[in-house]
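Structural overview
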Amino acid sequence: MWLRKPSRETKLPTQTLRAAVAVTAALALAGCSADYVENSEASVLLQITSLNEGAQLDSDVRNGEDSTFVCENEVDVEVRVVNKNPLAATAISSDVQLESYEVRYTRSDGRGTEGVDVPYRVTGTLALLVPAGNEASFALEVVRRQAKLDPPLTNINQTTILTVSAQVTLYGRTISEKRVTASGSMQIDFADFGDEETACPTN
């Protein structure tokens, strides 16, 4: 007489399986939600529409014919504030006050130790009001002088180029105290370009 061995597989009821699938789908959707849904309760979106007019930045790690000084690097940033609901009326309470920013550097090869592979991140303050439904532009310091006095930029010579991606993040609040953020990226090429400047550029 043959005896059937009990199966180790346990079958779940159909309703239980459907519930599990629904929960998994909900979690997946939550993980893919847009930044403004998770990080902002404001009725408007803050957007970076241009960094350095879309061009890469050539950053000279030493300035002057004899490489005797260093200069910071600024780029033009263009932003706009738009309603999440395009049919909604623009309100003064939705105007955005930019308060601070951060610049982080990464490399395409995955190496990203600050002070070794890439410069230390930059943080700074801002004080600019962008009315809802409008655009604004301003200069932003994306490379500080101190970064050029520290590794890895001090290790660059005239035969070396370090290419990084700089992610710029802006932080602000609406007049009604709702947080908003915006991010954008640009390429920076660090090198000793051998310029003949006698002073840092002024805006």
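Residues numbered from 1 in each chain as written. Predicted model: local features only at pLDDT ≥ 70, side-chain atom pairs only at ≥ 80, totals over all residues. Heavy atoms only, no water.

1. Remarks on the state of the cysteines
This is how it is decided: Disulfides are defined as pairs of cysteine sulfur atoms found within 2.5 Å of each other. In DSSP terms, a helix is any run of H or I states spanning at least four residues, a strand is any run of E spanning at least two, and both are numbered starting from the N terminus. Each residue gets one of three labels from its accessible area relative to the maximum for its type: buried under 20%, exposed over 50%, partly exposed in between, using a 1.4 Å probe on protein chains only.
In this structure the tally under the stated criterion is one disulfide. Shown here is the disulfide that connects Cys71 with Cys200, its sulfur atoms set 2.0 Å apart. Since a negative S-S torsion denotes a left-handed disulfide, the Cys71-Cys200 link at about -95° is left-handed. With Cys71 in the loop between strand S2 (57-60) and strand S3 (73-83) and Cys200 in the segment after strand S8 (179-191), the pair connects residues that are 129 residues apart, well separated along the chain. Overall, the relative accessible area of 3% leaves Cys71 in the buried class. For Cys200, a relative accessible area of 19% translates into the label buried.

2. Digging into a negative patch on the surface
Definition in use: In this scheme, patches are assembled from residues that exceed 30% relative accessible area and form no salt bridge. Like charges are connected within 9 Å, while nonpolar side chains (Val, Leu, Ile, Met, Phe, Trp, Tyr) are connected within 5 Å. The accessible surface values rely on the Shrake-Rupley method and a 1.4 Å probe; as for residues, cover is taken only from the protein chains in view. Whenever Lys or Arg places a side-chain nitrogen within 4 Å of a carboxyl oxygen from Asp or Glu, that contact is recorded as a salt bridge. Neither His nor the chain termini are counted; the positive set is Lys and Arg, and the negative set is Asp and Glu. By convention, the point assigned to a charge is CZ for Arg, NZ for Lys, CD for Glu and CG for Asp.
Taken together, the side chains of Glu53, Glu74, Asp76, Glu78 and Glu135 present a region of like negative charge at the surface. If one sorts the elements of the negative patch by residue count, S3 sits on top with three residues. Residue position: Glu74 is located in strand S3.

3. Details of the nonpolar core
Selection criterion: Here, nonpolar core refers to any group of buried Ala, Val, Leu, Ile, Met, Phe, Trp, Tyr and Cys residues whose side-chain atoms link them within 4.5 Å. What makes two residues a contact is simply this: any of their non-hydrogen atoms within 4.5 Å.
With 39 residues, the main nonpolar core has Val79, Tyr105, Leu140, Val142, Leu170, Ile188 and Phe190 as its most contacted residues. Going through the elements one at a time, strand S1 (44-51), S3, strand S4 (96-106), strand S5 (122-130), strand S6 (135-143), strand S7 (161-174) and S8 are the ones with two or more residues in this core. With near-sequence residues (within four places) excluded, Tyr105 lies in contact with Val118, Pro119, Tyr120, Arg121, Val122, Val142, Val143, Val164, Ser165, Ala166 and Ile188.

4. Focus: unusual backbone geometry
A cis amide bond, omega 5°, links Pro151 with the succeeding residue Pro152. Structurally, the position occupied by Pro152 is in the loop between S6 and S7. Located in the positive-phi region is Glu53, a residue other than glycine, with phi close to 55°. By the secondary structure assignment, Glu53 is in the loop between S1 and S2.

5. Regarding the sheet that holds S1
What holds strands together in a sheet is hydrogen bonding between their backbones, with the strands either parallel or antiparallel. Note the cut-off: Note: two strands are recorded as paired if DSSP finds a minimum of 2 bridges between them. Between N-to-C directions, angles span 0 to 180 degrees; the directions come from axes that are lines fitted to C-alpha atoms, helices contributing only their stretch in contact.
Pairing is antiparallel in the open sheet, where three strands are placed in the order S1-S3-S6. Taken across any chain shown, the strands that pair with only one partner, and hence form the sheet edges, are S1 and S6. Ignoring strand direction, the axes of neighbouring strands in this sheet form an average angle of 35°. Where S3 and S6 come together, eight bridges link them in antiparallel fashion. The residue bridging Val79 from the neighbouring strand is Ala136, located in S6.

6. Quick look at the layout of surface pockets
Definition in use: In this analysis a 1.4 Å probe is tested at points of a 1 Å grid over the protein atoms alone, and where it fits but cannot get out there is a cavity; an open set with protein on both sides within 12 Å along at least five of seven lines is a pocket; lining residues have an atom within 4 Å of a point. Grid points are joined across faces, edges and corners, and a volume is the space filled by probe spheres set on the points. Amino acid classes used here: Ala, Val, Leu, Ile, Met, Phe, Trp, Tyr, Cys and Pro are nonpolar; Asp, Glu, Lys and Arg are charged; the rest, including Gly, are polar.
Quantified by volume, the largest pocket comes out at close to 290 Å³. Around the largest pocket, the lining is made up of 16 residues, and of these Cys71, Glu72, Asn73, Glu197 and Pro201 lie nearest the centre. Broken down by secondary-structure element, the contributors of at least two residues to the lining of the largest pocket are S2 and S3. The element that contributes the greatest number of residues to the lining of the largest pocket is S2, accounting for three residues. Here the lining of the largest pocket is composed, by residue class, of five nonpolar, four polar and seven charged.

7. Some details on the pattern of salt bridges
All chains considered together, the criterion is met by 10 salt bridges. We note a salt bridge from Glu102 to Arg121, for which the minimum N-O separation is 3.7 Å. Taken together, the residues Glu102 in strand S4 and Arg121 in the loop between S4 and S5 connect sequence positions 19 residues apart. We classify Glu102 as buried; its relative accessible area is 16%. Of the charged contacts in the structure, one is a salt bridge between Arg173 and Glu177, with a shortest N-O distance of 3.9 Å. Its relative accessible area of 29% is what places Arg173 among the partly exposed residues. What emerges from the salt-bridge pattern is a single network uniting Glu99, Arg173 and Glu177.

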